[in-house]
Amino acid sequence: MGVRVDEASRAAQAGHALKIQPRGRARAFAGHHRGPDFRPARLAPSHQWAEEQGAVFVETGPWLRALYYPRPGEEPQDAVNREVANVRERVGVCDVSTLGKIDVQGRDAGAFLDHVYANTFSTLPVGKARYGLMLREDGFVLDDGTTARLADDHYFMTTTTANAVKVMQHLEFCQQILWPELDVQLVSVTEQWAQYAVAGPRARDRVVHPVEAAQEGRLAAARRADEGGDLLLRNVEGDVVQD
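Residues numbered from 1 in each chain as written. Predicted model: local features only at pLDDT ≥ 70, side-chain atom pairs only at ≥ 80, totals over all residues. Heavy atoms only, no water.

A. A look at helix α6 (residues 164–178). Between the first and last C-alpha of α6 there are 20 Å, a value that for 15 residues agrees with the 21 Å anticipated at 1.5 Å per step. By the burial criterion, the buried members of α6 are Ala164, Val167, Met168, His170, Leu171, Cys174 and Gln175. In an axial view of α6, the angular spread of the buried residues amounts to 160 degrees, which keeps them on one side of the axis. For α6, exposure combined with an orientation more than 90 degrees from the buried face picks out Val165, Gln169, Gln176 and Ile177. Of the surrounding secondary structure, the elements contacted by the buried residues of α6 are β5 (100–105), α5 (109–116), β6 (129–135), β7 (141–151), β8 (154–159) and β9 (185–188). (Helix = DSSP H or I, 4+ residues; strand = E, 2+ residues; numbered from the N terminus. Expected span 1.5 Å × (residues − 1). Buried < 20%, exposed > 50% of the residue type's maximum accessible area, 1.4 Å probe, protein only. Arc of directions from axis to C-beta. Contact = heavy atoms within 4.5 Å.)

B. Local environment of the pairing of β8. A large share of β8 lies buried, amounting to six of its six residues. Side chains His154, Phe156 and Thr158 of β8 all project onto a buried face; the interleaved residues Tyr155, Met157 and Thr159 project onto the opposite face, where all are buried too. The pairing of β7 with β8 spans four bridges and is antiparallel. When the bridges of β8 are listed, alanine 151 appears paired with histidine 154. Between β7 and β8, which pair antiparallel and follow one another directly, the connecting turn spans two residues. (Pairing = 2+ DSSP bridges.)

C. Quick look at the sheet that holds β7. Within the open sheet, the five strands sit side by side as β6-β7-β8-β5-β9. Their pairing is antiparallel. Each edge of the open sheet carries a strand with a single partner, namely β6 and β9. On average, adjacent strands in this sheet sit at an angle of 30 degrees to one another, irrespective of strand direction. (Axes fitted to C-alpha atoms, helices over the stretch in contact; angles between N-to-C directions.)

D. Representation of the pairing of β6 in the model. Where β6 lies against β7, seven bridges are found, and the strand directions are antiparallel. Within the sheet, the bridge partner assigned to methionine 134 lies in β7 and is aspartate 143.

E. Quick look at the nonpolar core. Counting residues in hydrophobic clusters, the biggest one holds 20 residues, and the most contacted among them are Val104, Phe112, Leu113, Val116, Met134, Met157 and Leu171. Counting only elements with at least two residues in this core, the list comes to β5, α5, β8 and α6. (Core = buried A, V, L, I, M, F, W, Y, C linked by side-chain atoms within 4.5 Å.)

F. View of the side chain of aspartate 95. Summarising the element assignment, aspartate 95 is placed in strand β4 (residues 92–95). Comment: no salt bridge for buried aspartate 95; closest opposite-charge side chain is arginine 65, at 7.1 Å. A distance of 2.6 Å separates the side chain of aspartate 95 from the side chain of serine 46, its partner in a polar contact. At 2.7 Å, the side chain of aspartate 95 and the side chain of serine 97 are in polar contact. (Lys, Arg positive; Asp, Glu negative; His and termini not counted. Salt bridge = Lys/Arg side-chain N within 4 Å of Asp/Glu carboxyl O. Polar contact = N/O pair within 3.5 Å; in protein donor to acceptor, adjacent residues only side chain to side chain.)

G. Representation of the sheet that holds strand β1 (residues 42–43) in the model. Strand order across the open sheet formed by three strands is β1-β3-β2, with mixed pairing between neighbours. In this open sheet, the two strands that pair with only one neighbour each are β1 and β2 (56–60). Pairing of β1 with strand β3 (residues 63–68) involves two bridges; the strand directions are parallel. Counted as the bridge partner of arginine 42 is tryptophan 63 from β3.

H. Highlighting the confidence of the model for the chain. In this model, the chain carries a mean pLDDT of 81, and residues with pLDDT of at least 70 account for 74%. For the stretch residues 1–9, pLDDT sits under 50, and the model shows 11 contacts to residues farther than four places along the chain or on other chains. Of the regions scoring below 50 in pLDDT, residues 14–22 engages in 10 contacts with residues more than four places distant in sequence or in other chains. (pLDDT = per-residue confidence, 0-100.)

I. Fine view of the pattern of salt bridges. Enumeration over the complete set of coordinates arrives at six salt bridges. Between arginine 42 and glutamate 191 there is a salt bridge; the shortest N-O distance is 2.3 Å. Placement of arginine 42 in strand β1 and of glutamate 191 in the loop between β9 and β10 (196–199) is noted, with a sequence separation of 149 residues between them. You can call arginine 42 partly exposed: its relative accessible area is 29%. Salt-bridge contacts for arginine 107 lead to aspartate 108; the nearest nitrogen and oxygen are separated by 4.0 Å. Several salt bridges converge on common partners, so that one network encompasses Arg107, Asp108 and Asp183.

As structure tokens, this is what we get:
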């Protein structure tokens, strides 16, 4: 919006009101600049299911996460105690998709993680995961989480929910300013993956059957696509499967 100064001066001297027209198209923004309109809540993949089960939610960073699932007439602490006992005695599943996820690749990816974590990741075998304590450049603790090694030059990092953006900023600072000579690339993939934690003495039994069924389905689909020719695949353990 604007008007020439000389035009405004002449109009004022003549005692006329000057109607100022905006330059270009006028734009308006609807909604309140506060509360949920300013910062919409992010929902986990299981949010609708959790609502149907009567979950009580808690804000974790920008996300809404299921805190516990009370039964009718059950006090909050009783619901928590029941769920804890069930996990310790049997198995429990938790949607942890809200955790930050960062894909780390490059020839020096392991050395880079050795720099940013207090413990060593360059020696982590492929197919394994390790808990890491992340430090700032001044040695203070910034975050923690688990990181898996998918290949010699490929890691998959998880961060806490609230610090996902802060950790990504820190890693980019380390990559660009502290150790630019390292061959490493970073990309946030928080929205690309759903993630579930399965815990308890029966966790392996709960996981192994869906994983095996999915693996068999992939092999069957590959066989159909191959149309009878030789097929070379790798299973979950990385062993070559020849058909």
